[in-house]
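Close look at the chain arrangement
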Amino acid sequence: MTYSSFRNWLHAIPVADPIQRQQAIPFQLVLIAALVLEMVLIALNIVVFKILVVAPLALIPSLVIFLCFSSALLLLRHGYFQGAAAIIVAALFLAVARGVFTNGLVSSVNSLIAFVLPFTLAGLLIGRRALLVSLGLALVMILVAGFTESPGPIEITAQLHSQ
């Protein structure tokens, strides 16, 4: 495949909205790069770390991310721009949430900055409603993680100061 035919393939996308059409071309490139990177990471896990022998279930998150990226690219190629963006936002959100729930909220405070990526993609590619929904889901997820990690019931008592 030559550069001009690849470029023509990128531009031949059935998106009617001119703004989404303009955004779809770099979005496709990002999805293709993510798919290639995920395939390389899966191959490295299998060949170098012998993940299929040691812990085959550890390969499932990588396969799910690969399927999300490939289905988003397929949807995008068929003209469903917002659906493809929603799949990517959900996949990134679930990846960060899985990290918070498996590592714990206290030990993954620094990784909460990774929520910026799904928020940004939701706001820029899908719209304001998707941004607010993702913010609300993140808040609920952080509250649930905090309550599950708390050692006991949280008591709020007012202290009286006597003079």
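Here the structure is shown first, and the text comes after it.
Residues numbered from 1 in each chain as written. Predicted model: local features only at pLDDT ≥ 70, side-chain atom pairs only at ≥ 80, totals over all residues. Heavy atoms only, no water.

With respect to the packing of helix H4 (residues 60-77) against helix H5 (residues 81-103)
For clarity, the threshold we go by: To get an axis, fit a line to the C-alpha atoms, keeping to the stretch in contact for a helix; angles then go from 0 to 180 degrees between the N-to-C directions. Numbering goes from the N terminus for both helices and strands, where a helix is a DSSP run of H or I of at least four residues and a strand is a run of E of at least two. Each angle receives one of four descriptions, namely roughly parallel if under 35 degrees, roughly antiparallel if over 145, roughly perpendicular if within 65 to 115, and oblique otherwise. Note on convention: the crossing is left-handed when the near helix lies turned anticlockwise from the far helix by less than a right angle, right-handed when the turn is clockwise. Throughout, a residue-residue contact means that at least one pair of heavy atoms, one from each residue, lies within 4.5 Å.
Orientation of H4 relative to H5, taken along the N-to-C sense of each, is 165 degrees, at an axis distance of 7 Å. The angle between H4 and H5 places the two elements in the roughly antiparallel class. At the point where H4 passes H5, the crossing takes the left-handed sense. Here Pro61, Ile65, Cys68, Phe69, Ser71, Ala72, Leu75 and Leu76 of H4 come into contact with H5, specifically with Phe81, Gly83, Ala84, Ile87, Ile88, Ala91 and Arg98.

Structural notes on the side chain of Gln20
Basically, it comes down to this: Residue exposure (1.4 Å probe, protein chains only): buried if accessible area is under 20% of the type maximum, exposed if over 50%, otherwise partly exposed.
Along the chain, the position of Gln20 falls in helix H2 (residues 18-47). Using a relative accessible area of 16% as the deciding quantity, one classes Gln20 as buried. When sequence neighbours within four positions are dropped, the list of residues in contact with Gln20 reads Val15, Phe81 and Gln82.

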